[in-house]
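Below, each chain spelled out in residue letters.
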Amino acid sequence: METSANEGLLAFWHSYRLPLLLALATIVVLVRAYRKLQPKSKIATASSIPSSPRSHSPEKTEKTINNSMVKDVETENSSVAEKDASQKQAGPKRVTGKKPLKVAGRRKSSDQEPAVSFIQPIIFFASLTANTERYAQVLLEDLRAAARDRADPDNRERGLLPPQIHDLSYIDFDDYFISAPKPPSTSPGTRYVYCMLIPTYNIDTVLNTFLGHLDETHNDFRIDTAPLSGLAGYSVFGFGDKEGWPTEEEGFCSQAKELDRWMAKLTGKKRAYPLGFGDVKSDAESALKEWSSGLQDILGEIVENGGLGEGVPGSGDPLESDEEDLDDEGSDSNKENGRKRNKNQSVVDLEDIKFSSDAASGSPIPVDFTTGGKTSAPATDKEMVPKTSPTYAALTKQGYTIVGSHSGVKICRWTKSALRGRGSCYKYSFYGIRSHLCMEATPSLSCSNKCIFCWRHGTNPVGTTWRWKVDDPELIFNGVKEGHYKKIKMMRGVPGVRAERFAEAMRIRHCALSLVGEPIFYPHINRFLDMLHSEHISSFLVCNAQHPDQLETLHRVTQLYVSIDASNRESLRKIDRPLHRDFWERFQRCLDILREKRHYQRTVFRLTLVKGFNVDDEVIGYANLVEKALPCFVEIKGVTYCGTSTSAGAGLTMQNVPFYEEVQQFVTSLNAELERRGLKYGIAAEHAHSCCALIASERFHVNGKWHSRIDYDRFFQLLEKEKADGTSFTPEDYMRETEDWALWGNGGFDPNDERVYKKGKKKALQAAAEAQG
């Protein structure tokens, strides 16, 4: 019975299922239409929802008053406003108006700050023995004199004000170090610069209380992390006693260093001038005077430009190995964001850029790939690196300053390292060039090679003939100096920069023409060299042995480099990727020219070792090249991997970077082969930090000692005499003895600097040394 009933229901469903479904759908549609047609008053409104108690708080009320309908109040009377409000649809209130100012102690938005018109220096000092107070009075008089000297009677709307002075023992820290002083109402454009003179004591003094106050201020969640960012800048000078604490590690000026770090945090890194040091037992006043002079120049620039201008943790794009240490100055999130930015930066191959741009215009690139080295394309006034080109954008993003249409300048990581007392590059160990006095520049960004290990990421122009507009040498010379000094000034806010080295760096003493491209490619290279020498700037010129005609006519330089990246044709083709078809013949001819010049000027082979390319079984080949050219020196350096897509596309990875032990083994093998052939060479010096060693001709081994360094003053004396009466001279006439710490086996790191290791590396090296011991 039950079975028959089920079968009946199933038969009914199959017979009438379509009408039933249609009826159900119709009912649903009618219900929805009915709800939409209901009066809105029957639907719950925002006004019927209980309001939050927080909406009645004083803070909420104040914000509502400040931000509500300013425009309606100004243009309509209250009755009209009430009428409009009653006619508006009920719902959440929409508040309009300008964003309110932040509460006291917070920074105002930059668009609300008046332009800087006056700079008010404030000197703070602490003193137990009255010595620092005396030095503070010296600084006070210096800044007063600067204010008088810089006063412009024709412009009373901006200038440097006479300084104020305060003893930290007699002020309330909250008045000056919770927020920046407010400018007077009569001069809202006035900004303040804190000049702080701090001794270091090994007893509890007001300085301990002061530094503790800065610590608490920075870590107080109720106060902005940079409450002093309204300052125009700050600078600290410390006094110490080197008899008691000889080095910074042992405590020399330690409280000044701590103050400098806290002020960097509280001001948002507005370090106007680097931290200065003075030894009270020797050079305190002279060091203070030098620091004061540099500070006055910066104050003048702030007055003129309205602020500190650009400041960098490095120089442009932070894709370099000495990125700013952010342990004190930033957070892990900042580091991560920086890494993401670097990762997202696209690297465009210049040949692709040039091909696409010229192909779009319908004009072929006049690049010569014949053995004659000539081009049939007519000369044009086309710029090598126009400001609107992707090449210009890529190079400036990497930290280059483009000068004119085809030249550039950039400070290297060793310059920044030397400014911070962390060591100079191998040029200081081998030749006596201090990195912070060295300018790295080039008059030609174009190159005829695309080396796989090039640090320039393949973004510089390439070509075999000069086919661009030629800039005047004076324009290039002045432009690279200006660009270099500007980048040095940008380093003044970097933690650890030493004031005395910063001051020294404002006088260029050396120029490394090795930045990017091929310097001798520039048609007026000799005139450019003469300008360098006229200002007693030494010249280290590096070429890639692909332009023998230019090399042969090159005037005297302080030291002439030729890059020797391989010992045979096939390896050179793989590593340098030259554009010339006759690259090997050009290479051999350059070696012949170098042999002729070896008695006229210092010549150097520069070997860059790349594992898997030019290291294995090539000692004999390199010895053949040395025997052919007989250079004064042979530099052997392990390749530095820049980690770019260009290198990876050429097959270069970290596996191709040799360890220093492997470089040492190669150096000893090459030296042994040269000795076997009766060539008079020896291993002179090393710089383990750069993974670099130097083999020198015995011409520079005098009285049992190596003389690889250069007497630069003597070089310019001889050069001027040669120009005056034609008296020639040789490389031996301006050589100097190599320092003991730079000799082979001693590491090559300047003991006057501080070696900084990456995290954990120093402990690993110490553990390895103990294990060997």
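Conventions used here
- Residues numbered from 1 in each chain as written.
- Predicted model: local features only at pLDDT ≥ 70, side-chain atom pairs only at ≥ 80, totals over all residues.
- Heavy atoms only, no water.
- Helix = DSSP H or I, 4+ residues; strand = E, 2+ residues; numbered from the N terminus.
- Buried < 20%, exposed > 50% of the residue type's maximum accessible area, 1.4 Å probe, protein only.
- Contact = heavy atoms within 4.5 Å.
- Areas by Shrake-Rupley, 256 points an atom, 1.4 Å probe, with all protein chains shown as cover.
- UniProt positions renumbered as here; feature names shortened; annotations may be inferred.
- Axes fitted to C-alpha atoms, helices over the stretch in contact; angles between N-to-C directions.
- Parallel < 35°, antiparallel > 145°, perpendicular 65-115°, else oblique.
- Nonpolar A, V, L, I, M, F, W, Y, C, P; charged D, E, K, R; others polar.
- Core = buried A, V, L, I, M, F, W, Y, C linked by side-chain atoms within 4.5 Å.
- Arc of directions from axis to C-beta.
- Polar contact = N/O pair within 3.5 Å; in protein donor to acceptor, adjacent residues only side chain to side chain.
- Pairing = 2+ DSSP bridges.
- Phe/Tyr/Trp six-rings, centres within 6.5 Å; stacked < 30°, edge-to-face > 60°.
- Lys NZ or Arg CZ within 6 Å of the ring centre and 35° of its normal.
- Expected span 1.5 Å × (residues − 1).
- Salt bridge = Lys/Arg side-chain N within 4 Å of Asp/Glu carboxyl O.

## Here's the deal with the overall build of the protein chain
Okay, step 1: Counting its regular elements, the protein chain contains 25 helices and 20 strands.
Okay, step 2: The burial tally for the protein chain puts 47% of its 773 residues in the buried class.
Okay, step 3: In the protein chain, 78% of the contacts between residues at least 6 apart in sequence involve partners at least 24 apart.
Okay, step 4: Approximately 39,700 Å² of the protein chain is accessible, and the part contributed by carbon and sulfur atoms is 52%.

## Brief notes about the UniProt feature "transmembrane region" (unreviewed entry) in the protein chain
Okay, step 1: UniProt's feature table lists "transmembrane region" (unreviewed entry) at residues 16-34, given in the numbering used throughout.
Okay, step 2: Annotated as 100% helix and 0% strand, the span residues 16-34 places its first and last C-alpha atoms 27 Å apart.

## A look at the packing of helix H20 (residues 583-597) against helix H21 (residues 619-629)
Okay, step 1: Put simply, H20 and H21 touch, their axes get as near as 7 Å, and they point 45 degrees apart. With respect to H21, the axis of H20 lies oblique. Touching Phe587, Gln588, Leu591, Asp592, Leu594 and Arg595 of H20 are Leu625, Glu627, Lys628 and Ala629, all from H21.
Okay, step 2: Residues of the contact of H20 with H21, tallied by class, amount to five nonpolar, one polar and four charged.

## Observations regarding the nonpolar core
Okay, step 1: Core analysis: the largest hydrophobic core is formed by 81 residues, its most contacted members being Leu541, Phe605, Ile636 and Leu670.
Okay, step 2: Broken down by element, the residue count for this core peaks at seven residues, all from H20.
Okay, step 3: Non-local contacts of Leu541, meaning those with residues more than four positions away in its chain, are made with Leu513, Pro519, Ile520, Ile525, Leu529, Leu554, Val557, Gln559, Leu560 and Tyr561.
Okay, step 4: Judged by nonpolar contacts, the second largest core, of 39 residues, contains Ile123, Ala136, Cys195 and Tyr273.

## Concerning helix H19 (residues 569-576)
Okay, step 1: Here H19 has its buried residues at Ser571, Leu572, Ile575 and Asp576. Down the axis of H19, the buried side of the element spans an arc of 100 degrees, and every buried residue falls inside it.
Okay, step 2: Packed against the buried residues of H19 are H20.
Okay, step 3: The backbone nitrogen of Glu570 lies 3.3 Å from a side-chain oxygen of the residue at the head of H19, namely Asn568.
Okay, step 4: Looking at the residues trailing H19, positive phi occurs at Arg577, about 45 degrees.

## A few points about the pairing of strand S9 (residues 438-442)
Okay, step 1: Most of S9 is tucked away, with five of its five residues classed as buried.
Okay, step 2: Of the pairings in the sheet, the one linking strand S8 (residues 407-410) to S9 comprises three bridges and is antiparallel in character. Considered in S9, the bridge of Lys410 is made with Glu440.
Okay, step 3: Relative to strand S10 (residues 510-513), S9 runs parallel, the two being bridged by three bridges. Within S10, the position partnered with Glu440 by the bridge is Ala512.

## Let's talk about the packing of aromatic side chains
Okay, step 1: Counting across every chain of the model gives 28 aromatic pairs.
Okay, step 2: Judged by centre distance (5.1 Å) and plane angle (50 degrees), the rings of Phe173 and Phe210 are tilted. With Phe173 in helix H6 (residues 173-177) and Phe210 in helix H7 (residues 206-219), the pair connects residues that are 37 residues apart, well separated along the chain.
Okay, step 3: Note on Phe173: relative accessible area 11%, which makes it buried.
Okay, step 4: Residue Phe210 is classed as buried on the basis of its relative accessible area, which comes to 0%.
Okay, step 5: When the centroid spacing of 5.2 Å and the interplanar angle of 15 degrees are considered together, the rings of Trp584 and Phe587 count as stacked. In this pair, Trp584 and Phe587 are both assigned in helix H20, three residues apart and thus about one turn of the helix distant. Phe587 matches Trp584 in its accessibility class, with the two residues each being buried.
Okay, step 6: One residue, Arg134, lies across the ring of Tyr135, its end atom 4.6 Å from the ring centre.
Okay, step 7: Looking at Arg556, its charged tip hangs above the ring of Phe729, at a distance of 3.6 Å from the centre.

## Section: helix H15 (residues 473-489)
Okay, step 1: Under the 1.5 Å per step criterion, the end-to-end length of H15 is 24 Å for 17 residues, consistent within 8% with the ideal 24 Å.
Okay, step 2: All of the buried residues along H15 are Pro473, Ile476, Phe477, Gly479, Val480, Lys481, Gly483, His484, Lys487 and Ile488.

## Comments concerning the side chain of Thr200
Okay, step 1: In this fold, Thr200 is placed in the loop between strand S4 (190-199) and H7.
Okay, step 2: Engagement of the side chain of Thr200 in a polar contact is seen with the backbone nitrogen of Ser254, the distance being 3.4 Å.
Okay, step 3: Dropping the residues within four chain positions of it, Thr200 is found in contact with Phe239, Trp245, Gly251, Cys253, Ser254, Gln255 and Ala256.

## Quick look at the pairing of strand S1 (residues 118-125)
Okay, step 1: Counting buried residues along S1, eight of its eight residues qualify, which places the element largely inside the surrounding structure.
Okay, step 2: Side chains Phe118, Gln120, Ile122 and Phe124 project from S1 onto one buried face, and the interleaved Ile119, Pro121, Ile123 and Phe125 project onto a second face that is buried too.
Okay, step 3: By the bridge criterion, eight bridges tie S1 to S4 in an arrangement that is parallel. From the neighbouring strand, Phe124 faces S4, where its bridge partner is Met196.
Okay, step 4: Where S1 lies against strand S2 (residues 159-160), two bridges are found, and the strand directions are parallel.

## Observations concerning the pattern of salt bridges
Okay, step 1: Applying the stated rule across the entire model yields 31 salt bridges.
Okay, step 2: Here Lys281 and Asp241 are joined by a salt bridge, their closest N and O atoms 3.2 Å apart. With Lys281 in the loop between strand S6 (276-279) and helix H9 (284-305) and Asp241 in the loop between strand S5 (233-240) and helix H8 (254-267), this residue pair connects regions lying 40 residues apart in the sequence.
Okay, step 3: Measuring nitrogen to oxygen at the nearest pair gives 2.8 Å for the salt bridge that ties Arg677 to Glu673.
Okay, step 4: You can call Arg677 partly exposed: its relative accessible area is 23%.
Okay, step 5: Judged by its relative accessible area of 9%, Glu673 is buried.
Okay, step 6: Through salt bridges with shared partners, one network takes in Glu627, Glu673, Arg676 and Arg677.

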